[in-house]
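One-letter residues, chain by chain:
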Amino acid sequence: MLIVKNIDTLEKCLGEWKSLGLSVGFVPTMGALHLGHLSLIEQAISENDKVVCSIFVNPTQFTDPKDLENYPIQIEEDLVLLKKVGCDLVFAPTKTDMYPQGEEVVQFNINDLDYLMEGAHRQGHFDGVCTIVSKLFELVRPKNAYFGQKDFQQLIIIRQLNKIQKFNINIVGCPIIREDNGLAMSSRNVLLSPREREIAAEIYRILKETKAKFPNSSLESLKLFVETKLNAVSEFSVDYVEIAHAQTLQSLSDLEKNEPAILCVAVFVGSVRLIDNILLN
Ligand code: PAF
């Protein structure tokens, strides 16, 4: 596995592969890898000749400096996992490589998708995500790029970014990987105490219970149901609960219940903010 720390070397390797006609799959990450990330790499390996994974903790997508400070970094462990799974190249640039002019953020026209849910609660977050993903797409120019459905809104926004920037990359959304107890895998889970990790599994239980009620309930009553259930767990503090169209993320009315619907939640478990979602139909 090649470990590449600067842009020139990355471009040289990619140039060689592309001159041989090899297809490249790309998995962008911020490191602290878990089985969810590895499932993206595995899917990329099965669908491309070569796979590039980037590890870069992108400062411009953090809206809370403490969150950035606490973000887990474990590059050595990440490299071991990536090698084991069969990744071909890891791109681990420095901040200066990615932001040579300082932490400048580009604002893309992503149809106001960034004002909803995560965007409304973490203002500027998606500008940071789109800025870095756009830079990485320009460097790697993959055939396919892989994103987890846990960050569902991010996936929809990246599809829009791909369209408006005409990257012409096939954006592949991959299923959420869960712990045995149902907790969605996330790099932030390591920040939970063992007890919080158990309690956090309640989020998915509530999502599943809500899905079962979907055919026979109004959307308003479902939202209320989720909020009430989550608020009943004393360790939880609910950031938001939304039911939206699963392609456009716009809010749905009861008349549109045959449209694809997704329930998205953000919940603080102690001081750790977790997100999760479930398709309702
Ligand atoms: O999903 C993530 O880990 C990040 O938002 C991404 C896509 C790597 C951009 O920094």
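Now for a look at the structure at hand. (Residues numbered from 1 in each chain as written. Predicted model: local features only at pLDDT ≥ 70, side-chain atom pairs only at ≥ 80, totals over all residues. Heavy atoms only, no water.)

Every residue near the ligand is listed here: Pro28, Thr29, Met30, Asn58, Gln61, Ile132, Val133, Phe147 and Gln154. Within the side chain of glutamine 61, an N or O atom sits 2.6 Å from an oxygen atom of the ligand. Interatomic distance of 2.7 Å between a side-chain N/O atom of glutamine 154 and an oxygen atom of the ligand. About the coverage of the ligand: the protein hides 88% of its 290 Å² of free accessible area. Only strand 2 (24-29) and helix 7 (125-140) provide two or more residues apiece to the shell around the ligand. Partitioned by chemical class, the residues of the shell around the ligand number five nonpolar, four polar and no charged. (Near = heavy atom within 4 Å. Polar contact = N/O pair within 3.5 Å; in protein donor to acceptor, adjacent residues only side chain to side chain. Areas by Shrake-Rupley, 256 points an atom, 1.4 Å probe, with all protein chains shown as cover. Helix = DSSP H or I, 4+ residues; strand = E, 2+ residues; numbered from the N terminus. Nonpolar A, V, L, I, M, F, W, Y, C, P; charged D, E, K, R; others polar.)

In this section: the pattern of salt bridges. A complete count under the given rule lists 14 salt bridges for this structure. Two residues, lysine 50 and aspartate 88, come together in a salt bridge whose shortest N-O distance is 3.9 Å. Within this pair, whereas lysine 50 is found in strand 3 (residues 50-55), its partner aspartate 88 is found in the loop between helix 4 (75-85) and strand 4 (89-91), the two being separated by 38 residues in sequence. Linking arginine 273 and aspartate 239 is a salt bridge whose minimum nitrogen-to-oxygen distance equals 2.8 Å. Linking arginine 273 in strand 9 (residues 272-279) with aspartate 239 in strand 7 (residues 236-245), this pair joins segments that are 34 residues apart in sequence. Relative accessible area serves as the criterion here: at 24%, aspartate 239 is assigned to the partly exposed category. Here the salt bridges do not stand alone but share partners, grouping Asp67, Glu118, Arg122, Arg188, Asp239 and Arg273 into one network. (Salt bridge = Lys/Arg side-chain N within 4 Å of Asp/Glu carboxyl O. Buried < 20%, exposed > 50% of the residue type's maximum accessible area, 1.4 Å probe, protein only.)

To continue, consider the sheet that holds strand 7. Reading across the sheet, the three strands line up as 7-8-9 and stay open at both edges, with antiparallel pairing between neighbours. Strands at the two margins of the open sheet, each flanked by one partner only, are strand 7 and strand 9. Across this sheet, the average inter-strand angle for adjacent strands is 15 degrees, counted without regard to direction. Its contacts with the sheet place helix 11 (residues 219-231) against strand 7 and strand 8 (261-269), and it is angled at close to 160 degrees to strand 7. (Pairing = 2+ DSSP bridges. Axes fitted to C-alpha atoms, helices over the stretch in contact; angles between N-to-C directions. Contact = heavy atoms within 4.5 Å.)

When you tally the buried positions in strand 9, you get seven out of eight residues, the bulk of the element. In terms of strand pairing, strand 8 meets strand 9 through eight bridges, oriented antiparallel. From the neighbouring strand, valine 265 faces strand 9, where its bridge partner is aspartate 276. Where strand 8 folds back on strand 9, the antiparallel hairpin that results is connected by two residues, among which glycine 270 adopts a positive phi of roughly 60 degrees.

Per the stated rule, a full pass over the model turns up five aromatic pairs. With centroids separated by 6.3 Å and ring planes inclined at 70 degrees, the aromatic side chains of phenylalanine 26 and phenylalanine 137 adopt a geometry described as edge-to-face. Of this pair, phenylalanine 26 sits in strand 2 while phenylalanine 137 sits in helix 7, and the two are 111 residues apart along the sequence. Pair check on accessibility: phenylalanine 26 and phenylalanine 137 agree, each one buried. Consider the rings of phenylalanine 62 and tyrosine 71, whose centres lie 5.5 Å apart with planes at 75 degrees: the pair is edge-to-face. Residues phenylalanine 62 and tyrosine 71 agree in their burial class; the two are buried. Over the face of the ring belonging to tyrosine 204 we find arginine 178, whose NZ or CZ atom lies 3.4 Å from the ring centre. Over the face of the ring belonging to phenylalanine 225 we find lysine 213, whose NZ or CZ atom lies 4.8 Å from the ring centre. (Phe/Tyr/Trp six-rings, centres within 6.5 Å; stacked < 30°, edge-to-face > 60°. Lys NZ or Arg CZ within 6 Å of the ring centre and 35° of its normal.)

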